[in-house]
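Working through the structure, step by step
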Amino acid sequence: MYAIKDARLAGTFVVLGAWIQLLSLICVTFPLFTFGAKTIFVCADFFLTPFDAAFVVLTSAVAACAFTHGHIFFEGELVGSDPPTSANVRVNYACAMFFVLAMYGVYFCKNLGYLWVCVESTTLLSAPLVYFSRTRHALEATWKYLIICSVGISFALLGTLFIFASAQHGAVSGGTLRVTELIEAASKLDPKLLRFGFIFCFLGYGTKCGMFPLHSWLPDAHSEAPAPSSALLSGSLLNCALFAIFQIGQIVSASGNRLSSEFTLWSGTVTVIAASLFLIRQHALKRLFAYSSIENVGVMLVAIGLNSGWLFFLQALNHSIAKVSLFLLSGNIVQATGSKSLSDQSGLMASAPVWAVLLALSVFAGTGAPPFGTFLSEWLILMRAADLHYYVNVVLLIIGVSLSFIAVCMHVGKVIFGTRNPHLQCFRPLASSAIPALLVVCSLFLGLALGPLMWPLMWGSSSDPRGNNVTWRLDGENWQ
Amino acid sequence: MTLILKYALFILCLALLPFLTIGWLRKIKALLQGRIGAPIVQPFFEFIKLLRKSQKVSETTTWIFRTAAALNAATMLLAAFLVPWLSFKPNFGGDDLFFLLYLLALPRFMTILSGLDAGSPFGAFGSSREAYLAMLVEPAMFISLVALSLLSRTTSLSAIFDLSHRCSLYELPVWLAGALALFLASIVDLSRMPIDDPSTHLELTMVHEAMTIENSGKNLALVEWSYFLKIVVLYGLTAQCLLHSLTYACHFSQLIAGVLSIALLFALAAVTAIVESVSVKLRWRAAPDFIAYALTASLFAMAGALIGGIYVTHNL
Amino acid sequence: MSLTIYEVVSLLSAVIAVLMLGSKSLPLQVSLFSVQIWLITGETVFFAYQYNHWEFYGVALILFLQRAVFVPLFLERILREIHVSRDPGMILPAPLTMHLSILFFGLSFFVAQNFPAPGPGGIVVATATASISHLFSGIVMMLTRRLALSQIIGFLTIENGVYLFALTQTNGLPVLIEMAVLFDILGAVMIGGVLVFGIKRSFEHIDVSQLKDLKH
């Protein structure tokens, strides 16, 4: 990508490549979903189950949307005031492609060691993405991002070592890091080492996904990166880190230890509450959406803590779609008004009505209002939590989600309505609304069309004593 | 070795070694500076010269100034008798670890007071600087000696430094760290470089010399003598720590141990001379950083003693 | 009741990590860090020799080349270019952080005692103490230092601790993973170095406590 001298040509290549990737991935993973094939096997440490394949397709879709919109966005940047150098844009594209590749790797790896390597490489490859504009603020954001995430990741490495040691002392001679073997031998793993391992891994990967006390890098990084990169970071990177936590949580709960689920559940709840409190006072559009990402990460943590993989995926799917749309739109707005702060952006309805409508719809989609898909997934998570008797968590989650809804709507309302900003210059308004519109429609579809499919899940779930997996049957497939 | 021989040898060393050590130190320093330097026995002659000179005492002094020097010398002599700074020193009893620390603190206190007593400004700030340094360095010395006492479960110095008990692997780092801590703390306590230049003529840079600058004649002789005794006591202790860590490797007979004690004493003096020649005097504000390393070494000695103790009792 | 060479070398390395915290001059920190890496590489070589894991020679070689040769040279080059050699005041003064990390050294001893008995070839409390104390020293360094370069060194110390833990407690991770881990860390250091240059250029200093424009 770097070899292509012209930034716009590079952009076109990237977009084409992304869509081809998406289509080919769908073709490859199609058998997994419909014909009941179990895995796509590459080698002993790398294979895909249907669950992982869903995430891979999601990541690829997010990448395709982000790159397509990014092409238009960077064209706008290049002709606007203070254009970035062509080299910057090309480096951005190159790093973004490798970044997406690394994220695929995270889902492919069934070996905790390689998982760690892939997650760390996503950190490294996304740092240049954040550093795009080469300003002081971007530098500060990149430094914080790199340092905090790297320290977190080294804790995760220590946790991985502890899990390895627990396998060595308990179950398998010589130890193993393969997830399948660990789950099989789960009851024989050394409990103390496993506990240490889980806590360190949780801290490490939790830093990466923006859990409450360790989230300070997230608003800076996601707001300083250019819009398509923010969309990639918010829409797919957080899923990677949460997926890692999910894998390790599976191992720990398979060994009968309830620490992982309780811990994850509570940290998810605290994250939601904290993020919604932060959302009340915000001054910049992209930071607002970054904090909303943190809140959604909290909800996903709750889903992981409830030991339900498909709920986690559903929330991830809906959140990614809505968040990508939000970030892309905010990128348009920032590019048009030339400033990031909320006070400079108002009266969008008067100046760019298409964007305003899309923004409003995306905000509803992102914060969990019906009839969009996010509402459905959050509702299902709350129901599941109530089924498992975590009533306190349910109440706190409801408070947090409502608070964030109010806060975000309030801030975005000031952007949409109000006095018109005379400095607004839309660059290709129709083309830049295409992808967000597509995403909003997808979210609507997920909410409306899949709704009826969810009725049996919502009313027909079997309540189990706390801690056991609830098995739901849907069209002959096992949803766990 | 018979007791009489031991006593005689000890008295001989006590009489000669202080002067020889400082003479040796100055000689090494001179050689490193490219001079021939004074002969090693020169301090002895200077001592005798000073004893014969008359005193000039400032009119503003009180009894503190007149007695401080004598008190210092007496206390230091007592310390030299009690502290096992040579391996063949006969045991006179009453050598508690805490008593030693107070024995070192008392002359320091009297010197500080006598520096203030003379009424000159240089004495005053020499005293304040010395007090500041003493406050910082006492923990280092204290903790390292206590760490050593943890090894032998007693605070009697002669029992701690008793060479009949061979050093085990878990005690080795304690002895080494203790030796390092004592060495660094002695450098500070004796006002050597890089804390204080003993040969400086500029009063504004003096720390220890400024306090004793008013002494003359017999008082000066006594002050210098107590300083020399302090050198051999502190360096002798350090040498004993090193000797103990050497017993890990092999066992010494009493003769070898005695010879090694004196040899290590001179070696430490040589090391001090080298350090003095290659280092510069630290800024006053940077002095606590240097002392921090002494405290670090002593804390490591303590950590080693505690961990080693836990190892031994749990038989890990 | 014997102290093996692993324990001696690990503890020595941990002591040097603690001493590194007490120094205010950046070149001294880089040098002490290099000494740590030399010790750890030597231990890896000895480990490979003793257990006849030939692949660990390869790991040792890469570790050596990367962290004992490349990283110090890289850091020294950065030092030369940015003309900074003293780390000014921090949140805690340097000697106090050194003492704090000695306390953590003791704490890591008590933590290490809680690990269960080792499997085949695993060596227990002393090396676990050393590796956890590396971790703590690195954390204290990152939290209390203001210069960006010191933070990179602190991060590398944490990684040293983790690597030491892997080597001694679990007989090393599978070699492919070790290699990949090492390369990742290398990448992190390089990107960090590039950023340090950038910070120096934009901010005229590498004092990260001044990077606080983006609050909230």
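Structure's up top.
Presented here is an overview of the structure given in this document. (Residues numbered from 1 in each chain as written. Chains lettered and ligands numbered in written order. Predicted model: local features only at pLDDT ≥ 70, side-chain atom pairs only at ≥ 80, totals over all residues. Heavy atoms only, no water.)

Quick notes on the interface of chain C and chain B
The interface is formed by 19 residues belonging to chain C together with 14 residues belonging to chain B. On inspection of chain C and its partner chain B, the count reaches zero salt bridges. Between the two partners, chain C and chain B, sit one residue pair in polar contact (both at pLDDT 80 or more). Counting residues per element, the ones that place at least two in the side of chain C that touches chain B are helix 1 (5-21), helix 4 (94-112) and helix 5 (125-144) of chain C. (Contact = heavy atoms within 4.5 Å. Salt bridge = Lys/Arg side-chain N within 4 Å of Asp/Glu carboxyl O. Polar contact = N/O pair within 3.5 Å; in protein donor to acceptor, adjacent residues only side chain to side chain. Helix = DSSP H or I, 4+ residues; strand = E, 2+ residues; numbered from the N terminus.)

A look at the nonpolar core
Y205(A), L232(A), L359(A) and W85(B) are the most contacted members of the largest nonpolar core, which has 300 residues in total. No other element matches the 19 residues that helix 5 (residues 136-171) of chain A contributes to this core. Excluding residues that lie within four positions of it along the chain, L232(A) makes contacts with V62(A), A63(A), A66(A), F67(A), A96(A), F99(A), V100(A), M103(A) and L237(A). Membership of the second largest hydrophobic core comes to five residues, among which are L25(B), I28(B), A270(B) and A273(B). (Core = buried A, V, L, I, M, F, W, Y, C linked by side-chain atoms within 4.5 Å. Buried < 20%, exposed > 50% of the residue type's maximum accessible area, 1.4 Å probe, protein only.)

Observations regarding empty space enclosed by the protein
Residues and elements named next belong to chain B. Tallied over the full model, the rule gives 14 cavities of 30 Å³ or more. Empty space within the largest cavity amounts to approximately 180 Å³. As for the largest cavity, its lining consists of 16 residues, of which N72, T111, H208, S226 and K230 are closest to the centre. Listing elements by their share of the lining of the largest cavity, those giving two or more residues are helix 3 (63-82), helix 4 (97-117), helix 8 (208-211) and helix 9 (217-246). (1 Å grid on protein atoms, 1.4 Å probe; cavity = no way out; pocket = protein on both sides within 12 Å on 5 of 7 lines; lining within 4 Å. Points joined across faces, edges and corners; volume = space filled by probe spheres on them.)

Re helix 11 (residues 285-305) of chain A
Between its first and last C-alpha atoms helix 11 of chain A spans 31 Å; for 21 residues at 1.5 Å apiece the expected length is 30 Å, and the two agree. Of the residues flanking the end of helix 11 of chain A, it is N307(A), one or two places downstream, whose phi is positive at about 60 degrees. (Expected span 1.5 Å × (residues − 1).)

A look at the interface of chain A and chain C
Size of an interface, as often reported, equals the accessible area lost when the parts are brought together. Taken together, the 41 residues of chain A in the interface contact 47 residues of chain C. Each partner contributes to the roughly 3800 Å² buried at the junction of chain A and chain C, and carbon and sulfur atoms together form 75% of this total. Interface area lost by chain A to chain C is led by E140(A), W143(A) and L161(A), which between them contribute 18%. At the junction of chain A with chain C, the criterion picks out zero salt bridges. Viewed at the interface, chain C and chain A are joined by one residue pair in polar contact (both at pLDDT 80 or more). Broken down by secondary-structure element, the contributors of at least two residues to the side of chain A that touches chain C are helix 4 (112-130), helix 5, helix 7 (191-209), helix 8 (217-224) and helix 11 of chain A. In terms of residue count, helix 5 of chain A provides more of the side of chain A that touches chain C than any other element does, 21 residues in total. Split by residue class, the side of chain A that touches chain C holds 23 nonpolar, 10 polar and eight charged. (Buried area = accessible area lost by both parts, 1.4 Å probe. Nonpolar A, V, L, I, M, F, W, Y, C, P; charged D, E, K, R; others polar.)

What about the pattern of salt bridges?
Residues and elements named next belong to chain B. By the definition in use, this model includes eight salt bridges over all chains. Taking the shortest distance from any N to any O, the salt bridge between R108 and E138 comes out at 3.0 Å. Of this pair, R108 sits in helix 4 while E138 sits in helix 5 (residues 121-152), placing them 30 residues apart in sequence. Using a relative accessible area of 33% as the deciding quantity, one classes E138 as partly exposed. Among the ionic pairs, R192 bridges to E276, the shortest N-O distance being 2.7 Å. With R192 in the loop between helix 7 (172-189) and helix 8 and E276 in helix 10 (residues 254-278), the pair connects residues that are 84 residues apart, well separated along the chain. The residues R192 and E276 share a single accessibility class, namely buried. One network of salt bridges, with partners in common, ties together R108, E138, D189 and K230.

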